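Letter by letter, the chains look like this.
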Amino acid sequence: MPGTVIVGTQWGDEGKGRFVDNLSERADFVVRYQGGHNAGHTIVADGQTLKLQLVPSGILHSRVTAVIGNGVVVDPAVLLAELDMLEAKGVSTAKVKLSGNAHLIMPYHQELDRATERFLGASKLGTTKRGIGPAYADKASRIGIRVQDLLDAGIFKKKLDLAVREKNAVLAKVYNRLPLDGRDIYESYLAMLPRLEPLIADTVFLVNEALRDGREVLFEGAQATFLDLDHGTYPYVTSSNPISGGVCTGAGVGPRAIDRIVGVVKAYLTRVGEGPFPTELFDEVGDMLVERGREFGTNTGRRRRPGWLDVVMLRHAVMLNTCTELAMTKLDVLSTLAEIKVCVAYEADGVRYEHLPYHQTVLHHVTPVFETLPGWRCDISTCRRFSDLPPQARDYVRRVETLAGVPVTMVSVGPDRDQSLNLDGAA
Ligand code: GDP
Ligand code: IMO
Ligand code: MG
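So, here is what we can say about the structure in this document.

Rules used throughout
- Residues numbered from 1 in each chain as written.
- Chains lettered and ligands numbered in written order.
- Predicted model: local features only at pLDDT ≥ 70, side-chain atom pairs only at ≥ 80, totals over all residues.
- Heavy atoms only, no water.
- Near = heavy atom within 4 Å.
- Polar contact = N/O pair within 3.5 Å; in protein donor to acceptor, adjacent residues only side chain to side chain.
- Areas by Shrake-Rupley, 256 points an atom, 1.4 Å probe, with all protein chains shown as cover.
- Helix = DSSP H or I, 4+ residues; strand = E, 2+ residues; numbered from the N terminus.
- Nonpolar A, V, L, I, M, F, W, Y, C, P; charged D, E, K, R; others polar.
- Donors = N, O, S within 2.8 Å, 3.2 Å for Na, K, Ca; no water.
- Buried < 20%, exposed > 50% of the residue type's maximum accessible area, 1.4 Å probe, protein only.
- Axes fitted to C-alpha atoms, helices over the stretch in contact; angles between N-to-C directions.
- Parallel < 35°, antiparallel > 145°, perpendicular 65-115°, else oblique.
- Left-handed = near helix turned anticlockwise from the far one by under 90°.
- Contact = heavy atoms within 4.5 Å.
- Pairing = 2+ DSSP bridges.
- Salt bridge = Lys/Arg side-chain N within 4 Å of Asp/Glu carboxyl O.
- Core = buried A, V, L, I, M, F, W, Y, C linked by side-chain atoms within 4.5 Å.

**Re the site of ligand 1**
Part 1 of the reasoning: Lining the immediate environment of ligand 1, one finds 19 residues, of which Lys16, Gly40, Thr42, Asp332 and Ser412 sit closest.
Part 2 of the reasoning: Note that an oxygen atom of ligand 1 is positioned 2.8 Å from one of the backbone N or O atoms of Gly15.
Part 3 of the reasoning: Within the side chain of Ser412, one N or O atom sits 2.5 Å away from an oxygen atom of ligand 1.
Part 4 of the reasoning: Protein contacts shield 92% of the accessible area of ligand 1, which totals 590 Å² for the unbound molecule.
Part 5 of the reasoning: Elements supplying a minimum of two residues to the shell around ligand 1: α1 (16-23) and β3 (41-45).
Part 6 of the reasoning: A breakdown of the residues in the shell around ligand 1 according to their chemical character gives four nonpolar, eight polar and seven charged.

**Notes on the coordination of the magnesium ion (ligand 3)**
When four donors bind a metal tetrahedrally, each ideal donor-metal-donor angle is 109.5 degrees, and when six bind octahedrally, the ideal angles are 90 or 180 degrees.
Part 1 of the reasoning: Every protein donor of the magnesium ion (ligand 3) is accounted for by Asp13 (OD) and Gly40 (O), and the metal-donor separations fall at 2.0 to 2.2 Å. Here the residue Asp13 occupies a position in the loop between β1 (3-8) and α1, and Gly40 occupies one in the loop between β2 (29-32) and β3, the gap between them amounting to 27 residues.
Part 2 of the reasoning: For Asp13, a relative accessible area of 22% corresponds to the partly exposed category.

**Digging into the packing of helix α3 (residues 107-120) against helix α4 (residues 132-141)**
Part 1 of the reasoning: Close contact between α3 and α4 brings their axes to 7 Å; oriented N to C, the two are set at 120°. As far as their axial angle goes, α4 and α3 are oblique. Here α3 runs over α4; the crossing is right-handed. Residues Tyr108, His109, Leu112 and Asp113 of α3 touch α4, and the partners they reach there are Ile132, Pro134, Ala135 and Asp138.
Part 2 of the reasoning: Split by residue class, the contact of α3 with α4 holds five nonpolar, one polar and two charged.

**Overview of the environment of Ala224**
Part 1 of the reasoning: With respect to the helices and strands, Ala224 occurs in the loop between β10 (217-220) and α9 (246-252).
Part 2 of the reasoning: Residue class for Ala224 comes out buried when judged on its relative accessible area of 0%.
Part 3 of the reasoning: Separated by 211 residues in the primary sequence, Ala224 and Asp13 have C-alpha atoms spaced 8.3 Å apart.
Part 4 of the reasoning: Not counting chain neighbours up to four residues away, the residues in contact with Ala224 comprise Gly8, Thr9, Gln10, Trp11, Gly12, Glu14 and Pro242.

**Section: the site of ligand 2**
Part 1 of the reasoning: In the vicinity of ligand 2, 20 residues are found, and the nearest of them are Lys16, His41, Thr128, Gln223 and Thr238.
Part 2 of the reasoning: Take His41: an N or O atom from its side chain is 2.7 Å from an oxygen atom of ligand 2.
Part 3 of the reasoning: Contact distances for ligand 2 include 2.9 Å between an oxygen atom and a side-chain N or O atom of Arg302.
Part 4 of the reasoning: Bound to the protein, ligand 2 loses 97% of the 550 Å² it would expose on its own.
Part 5 of the reasoning: By residue class, the composition of the shell around ligand 2 is seven nonpolar, ten polar and three charged.

**As for unusual backbone geometry**
Part 1 of the reasoning: A cis amide bond links Tyr234 with the next residue in sequence, Pro235, at an omega value of 5°.
Part 2 of the reasoning: Phi is positive for Arg294, close to 45°, though the residue is something other than glycine.
Part 3 of the reasoning: Relative to the elements of secondary structure, Arg294 occurs in the loop between α10 (284-292) and β13 (305-307).
Part 4 of the reasoning: Look at Arg294 and you get exposed, because its relative accessible area is 67%.
Part 5 of the reasoning: In the Ramachandran plot, Thr322 falls in the positive-phi region, its phi being about 45° despite a non-glycine side chain.

**Here we look at the pairing of strand β19 (residues 408-412)**
Part 1 of the reasoning: Most of β19 sits inside the fold, with five of its five residues counted as buried.
Part 2 of the reasoning: Inspection of the sheet shows strand β15 (residues 325-329) paired to β19 by three bridges, in the parallel sense. Along β19, the bridge assignment pairs Leu326 with Val408.
Part 3 of the reasoning: Relative to strand β20 (residues 420-422), β19 runs antiparallel, the two being bridged by three bridges. Among the inter-strand pairings, Val411 is bridged to a residue of β20, identified as Leu421.

**Remarks on the pattern of salt bridges**
For side chains of opposite charge, pairing can occur when their charged atoms come near one another.
Part 1 of the reasoning: Inspection of every chain in the model, using the stated rule, returns 26 salt bridges.
Part 2 of the reasoning: A salt bridge links Lys159 to Asp149; its shortest N-O distance comes to 3.3 Å. You can see Lys159 sitting in helix α5 (residues 153-173) and its partner Asp149 sitting in the loop between α4 and α5, a full ten residues away along the chain.
Part 3 of the reasoning: Judged by relative accessible area, which is 32%, Lys159 ranks as partly exposed.
Part 4 of the reasoning: The partner of Asp161 in a salt bridge is Lys157, with the nearest N and O atoms 2.8 Å apart.

**A few points about the nonpolar core**
Part 1 of the reasoning: Within the largest apolar cluster, 59 residues are counted, with the highest numbers of intra-cluster contacts made by Phe219, Met328, Leu331, Leu334, Leu389 and Tyr396.
Part 2 of the reasoning: With six residues, helix α13 (residues 391-404) is the largest single contributor of residues to this core.
Part 3 of the reasoning: Ignoring sequence-local partners within four residues, the contact set of Phe219 consists of Gly3, Thr4, Val5, Ile6, Val31, Tyr33, Val207, Leu211, Val247, Ala251 and Val253.
Part 4 of the reasoning: Core analysis: the second largest hydrophobic core is formed by 38 residues, Leu52, Val96, Met106 and Tyr186 among them.

Encoded structure:
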C-alpha cells in the first residue's frame with residue numbers, strides 16, 4: 001500500500017500536526033522528511049496539549065513507528081529533551097527511529113543563524129534562530145556532520161575539528177563573535193551517544209520494507225509549500241523542501257511510493273517572519289484572527305501575521321504537491337465574521353493574475369481581488385458532522401474546494417481530536 005503525504009499548502013502552522021495525529025489512527029509508520037526543530041506541531045488529545053518539534057506527530061498511537069528521516073536536521077539535545085517530555089507525560093517513545101544519515105545541528109549553526117540575522121539588519125529573514133539554514137548549508141557544502149558520525153569517535157573528532165576551525169574563523173573575523181570551544185562540543189555530543197545509539201536505524205530500508213509489505217505509511221511535512229527552498233517566496237523561506245516531492249529525497253522512497261497527498265489549508269492565512277503576503281490584514285479583523293486563532297508561534301512565541309485565504313497560492317500549492325485532497329483547519333475561528341473574503345486573483349499594473357506571478361517583484365506589489373462570502377455568526381465548535389455545520393460554513397468549504405480544484409475531505413472546528421469532521425460522502 002503506497003504512502004500518504006501530509007503537506008502544508010501555505011506558510012506553515014496550518015494545523016498539520018493535528019491531522020497527522022488524526023490519520024495516524026490507522027498508520028504503522030509516521031515519517032518526518034525535512035526541517036528540524038524550527039517546526040512546532042501541536043496536538044490536543046483529550047484535553048492534553050502536546051507541542052512537538054522533531055518527533056513525528058503520530059507518536060501518541062502505540063502502533064506507530066515514528067521515524068526521523070535522513071532529510072531532517074537534528075539537534076540531539078532537543079530530541080532527547082522531547083523524548084523525556086513525552087515519557088514524563090506517559091507517552092512511550094520506544095518506537096522512535098532516527099536516520100543515521102540525518103545531519104546534526106551543531107552549536108555553531110545556531111550561533112551563525114543568530115549572527116547572520118543580526119548582520120542582515122533590515123533585510124533579515126526572521127528565522128527561528130534554530131540553526132536550520134547553516135546546518136543545511138553545511139550539508140550542501142559537504143562539511144556537515146551526520147548522526148552516524150557519532151558512532152565513530154575518531155571520525156567525529158576529525159570532522160568536528162575541521163568545522164570548528166572554519167566556523168570560529170568566520171564567527172570571529174566576519175561577525176566579531178567569540179570562538180566556540182571544540183572540546184566542549186565534542187564532549188557534550190558524545191555524552192549523548194548512549195541515549196541516541198538505540199534510536200539510530202537504517203530508516204530508508206525500514207520505510208521501504210513497510211511500504212512493500214502493505215503497511216500504512218504517513219509522511220509528515222514540516223513548514224509548508226511557500227517556505228520551500230525552491231518553490232517558496234525566496235529568500236523568505238526555510239532551507240529544506242517541504243513540498244510532497246521532498247519526501248523522495250528526505251525519506252528515501254521513490255515517487256511511486258506515494259499515492260495520497262493531503263494538503264492542509266487553514267481557513268484563513270498566517271505567516272511568521274518576513275516576506276511578501278498579498279492578503280495580509282492590518283486591521284481589527286486581523287487582530288481578531290490572531291486572538292481567536294491564538295496565532296502565536298508554537299516555537300518562538302512570535303505573533304503570526306494574519307490575512308484572508310489566498311486561493312491563487314492554494315491552487316499553486318495543489319499543483320506543486322499534486323494534492324489529491326485538502327484538509328481545512330480552524331473554520332471555527334471565522335465564526336464571528338459577517339463576511340468572509342477569499343482572494344481569487346491578483347491585479348498589478350492593469351494585469352490580472354489567476355496564477356502566481358513567477359516574478360517576485362510583481363508579487364510584492366499585487367492587489368488581491370476578493371470574492372466575498374457570507375459568514376455564519378454562530379458557534380460551530382460542537383459540530384461533529386459536516387451536515388451539522390450551518391449552510392454558510394458548508395458553502396465556504398465547498399467554494400474553496402471548487403476554486404482549488406480538489407475535494408476537501410476533512411474540516412476541523414477546534415484543536416481537539418474529536419473536533420475534526422470527515423466529509424466522505426457528505427452533501
Ligand atoms: P502545524 O505547525 O501545521 O502543525 O500547526 P501548529 O500546531 O503550529 O498551529 C496550529 C494551531 O492551531 C495549534 O495550536 C492547534 O492546536 C490549533 N488548531 C488546529 N486545528 C484547529 C482548529 O480547527 N480550530 C482551532 N481553533 N484551533 C486549531
Ligand atoms: P511548522 O512545521 C511557520 C519560518 C520562519 C522564517 C522562515 C525561515 O510549525 O509549520 P528557519 O528557522 O526555518 O530558517 O526560518 O521560515 N518557519 C516557519 N513558519 N511554521 C513553521 O513550521 C516554520 N518553520 C520555519 O519563521 O520566516
Ligand atoms: Mg507550527
